Amino acid sequence: MNELESALLTELTAGSEPELLLRTNTRIDCGRWWRKTPVWLCITKTELILFAIARRRYSERIPLADCHASQYAPSGGELMIKPTESLRIRHLILTTRQAIQALQHFNR
């Protein structure tokens, strides 16, 4: 995690320690010239936070309770965050191990 990402994480979590922090293989355009920026998945006690930063910043947050129907599709390697429709990114590319970790937090 670079300094910009670390500073944004601290701002988004208000200094509290995340329960789970994963760098996904999903990428988003945040203003870099030749490449896209990786999206981070952060889970706190009550929220799911997605964020990325370069020249521009991207962040979204939803309550963990809104992720109760999330699923992992191993054929595509995607964690599908359900049933919420409010997120800009609802499919995250993760390894199976990462997806299992996230799903365990969603289903507590």
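Structure first, text after, so check above.
For clarity, every value in this text was computed on a predicted model and none was experimentally measured.

Draft legend 1. Highlighting the sheet that holds strand 5 (residues 71–73). One open sheet accounts for three strands, arranged 5-6-7; its pairing is antiparallel. Only two strands of the sheet have a single partner each, and these edge strands are strand 5 and strand 7 (91–93). Across the sheet, the axes of successive neighbouring strands diverge by a mean angle of 25°, strand direction being ignored. In terms of strand pairing, strand 5 meets strand 6 (residues 78–80) through three bridges, oriented antiparallel. Paired with A73 across the bridge in strand 6 is E78. Contacts between helix 2 (residues 96–106) and the sheet are confined to strand 5 and strand 6, with strand 5 contributing the most and set at about 165° to the helix.

Draft legend 2. Fine view of the packing of aromatic side chains. Per the counting criterion, the structure on display carries one aromatic pair. Between W40 and F51, the ring centres sit 6.3 Å apart and the planes meet at 15°, which makes this aromatic pair stacked. A residue pair is termed long-range when its members are at least 10 positions apart, and W40 in strand 2 (residues 37–43) and F51 in strand 3 (residues 47–53) qualify at eleven residues. We classify W40 as buried; its relative accessible area is 9%.

Draft legend 3. Region of interest: the sheet that holds strand 2. With respect to topology, four strands assemble into an open sheet ordered 1-2-3-4, the strand pairing being antiparallel. Both edges of this open sheet fall to strand 1 (20–28) and strand 4 (57–63), since each of them pairs with a single strand only. Going from strand to strand, the sheet's axes swing by 20° on average, the running direction of each strand aside. Both strand 3 and strand 4 contribute to a ladder of seven bridges, which runs antiparallel. Among the inter-strand pairings, E47 is bridged to a residue of strand 4, identified as P63. Along the sheet, helix 1 (residues 3–13) makes contact with strand 1, strand 2, strand 3 and strand 4, crossing strand 3 at roughly 150°. Taken strand by strand, helix 2 contacts strand 1, strand 2 and strand 3, and its axis lies near 120° from that of strand 1.

Cut-off values and rules
- Residues numbered from 1 in each chain as written.
- Predicted model: local features only at pLDDT ≥ 70, side-chain atom pairs only at ≥ 80, totals over all residues.
- Heavy atoms only, no water.
- Pairing = 2+ DSSP bridges.
- Helix = DSSP H or I, 4+ residues; strand = E, 2+ residues; numbered from the N terminus.
- Axes fitted to C-alpha atoms, helices over the stretch in contact; angles between N-to-C directions.
- Contact = heavy atoms within 4.5 Å.
- Phe/Tyr/Trp six-rings, centres within 6.5 Å; stacked < 30°, edge-to-face > 60°.
- Buried < 20%, exposed > 50% of the residue type's maximum accessible area, 1.4 Å probe, protein only.

Function cannot be read off these values alone, since they describe shape.
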